[in-house]
Amino acid sequence: MVKDLDYVLYNGVKIPQVGFGTWQSAPADAYNAVLCAIKAGYRHIDTALVYENEEAVGKAIKDSGIKREDIFITTKLPADKKGYDVTIESFNESCKNLGVDYLDLYLIHAPWPWSNIGQDCTEGNIESWKAMIDLYNQGKIRAIGVSNFQPSNIKPLIEATNVVPMVNQIRFFLGNTQPKVTKYCNENNILVEAYSPLATGKMLNNPTLVEIAKKYNVSPAKICLRYCLDKNTLPLPKSIHDERIIDNILLDFKLEKDDIIKLDSIHDESLDKPLRS
Ligand SMILES: NC(=O)c1ccc[n+]([C@@H]2O[C@H](COP(=O)([O-])OP(=O)(O)OC[C@H]3O[C@@H](n4cnc5c(N)ncnc54)[C@H](OP(=O)(O)O)[C@@H]3O)[C@@H](O)[C@H]2O)c1
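The residue numbers shown here count from 1 along each chain, following its written sequence. Side-chain atom pairs in this predicted model are given and counted only at pLDDT of 80 or more, local residue features only at pLDDT of at least 70, and totals for whole chains, interfaces and linings cover all residues. Water and hydrogen atoms play no part in the side-chain values, which are based on all heavy atoms of the structure.

Asks: Requested: an account of the packing of helix α3 (residues 84-98) against helix α4 (residues 122-137), with residues and values cited.
Replies: The geometry of α3 relative to α4 is characterised by a closest axis approach of 7 Å and an angle of 50° between their N-to-C directions. Accordingly, the angle class assigned to the pair α3 and α4 is oblique. Remark: the crossing between α3 and α4 carries right-handed chirality. Contacts from Tyr84, Thr87, Ile88 and Phe91 of α3 reach α4 at Glu127, Ser128, Lys130, Ala131, Met132, Asp134 and Leu135. Nonpolar residues are Ala, Val, Leu, Ile, Met, Phe, Trp, Tyr, Cys and Pro. Charged residues are Asp, Glu, Lys and Arg, and all others, Gly as well, are polar. Its residues assigned to classes, the contact of α3 with α4 comprises six nonpolar, two polar and three charged. Think of each axis as a best-fit line through the C-alpha atoms, taken over the contacting stretch in the case of a helix, with angles from 0 to 180 degrees between the N-to-C directions. Here a strand is any run of E in DSSP of at least two residues, a helix any run of H or I of at least four, and the numbering for each starts at the N terminus. Small angles under 35 degrees read as roughly parallel and large ones over 145 as roughly antiparallel, with 65 to 115 read as roughly perpendicular and the rest as oblique. By the definition used in this description, the sense in which the near helix is turned from the far one sets the handedness, with an anticlockwise turn below a right angle giving left-handed and a clockwise turn giving right-handed. We call two residues in contact when some of their heavy atoms are within 4.5 Å.

This is the structure:
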């Protein structure tokens with residue numbers, strides 16, 4: 001079962017192959033959804049300080065009865081917080097919210113504040129990265145990485161510290177696979193996590209996708225998620241509906257090569273621009 005499979009990061013840390021997303025889940029929904037997800041077999045939960053649901057996520061993890069060390073928890077340093085001290089403060093705040101004393105993965109949410117996409121924050125990102133490396137070396141985080149970073153944002157971090165991010169979490173779904181950054185990550189042993197793997201639910205009626213889903217007798221959502229796995233990325237589907245949560249992780253089927261080629265050709269221009277996360 002895919003729910004029992006892991007990727008292995010370059011530092012040897014195992015990370016479950018499917019993570020559960022919680023963006024835009026209000027605390028009460030996030031609590032119920034995470035509880036349902038853990039019951040369904042997810043062992044990897046993705047949140048962020050700015051999602052304002054860390055407390056609910058942490059409580060659901062506790063109430064699930066599954067041991068802390070058996071759940072992989074990711075959270076993120078807010079995109080507008082750049083610098084050494086502010087990174088340590090945000091890390092402590094997230095741990096407090098989640099009710100944990102270590103994180104499995106901590107990511108810089110974006111290379112620039114969402115209010116100023118494209119701003120050059122190289123110096124601030126390097127300082128944040130140094131703080132994350134120190135927390136990692138102190139055993140407070142098991143893996144560190146980035147999100148929404150292009151190669152040009154990653155290279156300065158490596159040049160300044162010699163530490164390569166273990167993960168880059170990027171927007172990745174059928175027809176939007178960011179080949180340049182994905183290739184760079186693959187070449188540098190950086191695991192690509194696929195966020196918005198269902199295009200935030202906006203591509204599930206695509207006729208090619210629907211036709212292929214019928215052939216495999218599964219939902220279009222599952223074709224999207226299987227596609228991410230077949231591209232060696234780690235999908236992070238989000239849902240607040242139990243039946244979808246349970247079904248989305250049952251991915252133990254393989255797509256035929258011809259179908260992957262058909263899926264590769266899907267491109268919906270209306271989905272080129274990301275929503276803010
Ligand atoms: N690092 C970043 O900057 C960043 C940005 C975006 C997202 N993320 C992470 O990636 C996660 C996933 O991305 P996302 O939230 O954009 O959305 P997504 O997983 O691509 O899609 C979620 C949407 O699809 C619907 N859905 C889920 N399963 C379905 C199914 N089987 N059939 C039909 N509809 C289904 C959900 O509705 P219901 O909830 O109503 O079921 C929701 O509207 C986030 O939650 C977050 O953890 C990170």
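That covers the picture; the talk isn't over yet.
Asks: Tell me about the nonpolar core, residues and numbers included.
Replies: Among buried residues, the Ala, Val, Leu, Ile, Met, Phe, Trp, Tyr and Cys ones that are joined through side-chain atoms within 4.5 Å form a nonpolar core. A 1.4 Å probe rolled over the protein chains alone gives each residue an accessible area, and that area as a share of the maximum for its type sets the label: buried under 20%, exposed over 50%, partly exposed in between. Judged by nonpolar contacts, the single largest core of 87 residues is most densely connected at Met203, Ile223 and Leu263. Setting aside anything within four residues of it in sequence, one finds Leu263 in contact with Leu174, Gly175, Leu209, Ile212, Ile223, Tyr227 and Leu255. Grouped together as the second largest cluster of nonpolar side chains are five residues, Ala79, Ala110, Trp114 and Cys121 included.

Asks: So, α4: which residues are in play, and what are the values?
Replies: To estimate the expected span of a helix, subtract one from its residue number and multiply by 1.5 Å. Compared with the 22 Å implied by 1.5 Å per residue over 16 residues, the 22 Å span of α4 between its first and last C-alpha is a close match. Within α4, burial applies to Gly124, Asn125, Ile126, Ser128, Trp129, Ala131, Met132, Ile133 and Leu135. Where α4 is buried, its residues meet β5 (72-77), α3, β6 (103-108), β7 (141-147) and α5 (151-161). Of the residues trailing α4, Gly139 is marked for its positive phi of about 80°.

Asks: Give a description of the side chain of Thr47 that names residues and reports values.
Replies: With respect to the element layout, Thr47 can be found in the loop between β4 (44-46) and α2 (54-63). Pairs of N or O atoms within 3.5 Å make up the polar contacts considered here, provided that, within protein, one atom can donate a hydrogen while the other can accept it, and that residues adjacent in sequence are counted only when both atoms are side-chain atoms. A polar contact is formed between the side chain of Thr47 and the side chain of Asn53, at a distance of 2.7 Å. Discounting chain neighbours no more than four positions away, the residues touching Thr47 are Thr22, Asn53, Glu54, Val57, Thr74, Thr75, Lys76 and Leu98.

Asks: Give me the sheet that holds strand β10 (residues 234-235): which residues, what numbers.
Replies: Following DSSP output, two strands are said to pair if at least two bridges run between them. Read from one edge of the open sheet, eight strands run β3-β4-β5-β6-β7-β8-β9-β10, paired in parallel fashion. A single partner strand is all that each edge strand has here, and the edge strands are β3 (20-21) and β10. Two elements, strand β8 (residues 167-171) and strand β9 (residues 191-195), share five bridges in a ladder whose sense is parallel. Across the sheet, the residue bridging to Arg171 is Tyr195, located in β9.

Asks: Which residues make up the packing of aromatic side chains, and what values do they have?
Replies: For this analysis, a ring pair means two rings from Phe, Tyr or Trp (six-membered ring only for Trp) whose centres lie within 6.5 Å, classed as stacked if their planes differ by under 30 degrees, edge-to-face if by over 60, and tilted for the remaining angles. Within the structure shown, the criterion is met by four aromatic pairs. Here Phe20 and Tyr42 contribute two aromatic rings whose centre-to-centre distance is 5.2 Å and whose plane-to-plane angle is 70°, an arrangement assigned as edge-to-face. Placement of Phe20 in strand β3 and of Tyr42 in the loop between α1 (27-40) and β4 is noted, with a sequence separation of 22 residues between them. A relative accessible area of 1% places Tyr42 in the buried class. Ring centres of Trp112 and Trp114 lie 5.4 Å apart, and the angle between their planes is 75°; on these two criteria the pair is classed as edge-to-face. Trp114 carries the same exposure label as Trp112, and that label is buried.

Asks: Run through the pattern of salt bridges, naming residues and quoting values.
Replies: A pair is scored as a salt bridge if a Lys or Arg side-chain nitrogen falls within 4 Å of a carboxyl oxygen belonging to Asp or Glu. Overall, the coordinates contain 13 salt bridges when judged by the stated rule. Its salt-bridge partner being Asp104, residue Arg68 comes within 2.9 Å of it at the nearest N-O pair. Residue Arg68 is found in the loop between α2 and β5, and its partner Asp104 is found in strand β6; the two are separated by 36 residues along the sequence. The exposure class assigned to Arg68 is buried, which follows from its relative accessible area of 18%. Classification of Asp104 by relative accessible area gives buried; the value is 1%. Asp264 is the partner of Lys231 in a salt bridge, and the nearest nitrogen-oxygen pair spans 3.0 Å. Of this pair, Lys231 sits in the loop between α8 (220-230) and β10 while Asp264 sits in helix α10 (residues 257-264), placing them 33 residues apart in sequence. On the basis of relative accessibility, which here comes to 28%, the residue Lys231 falls in the partly exposed class.

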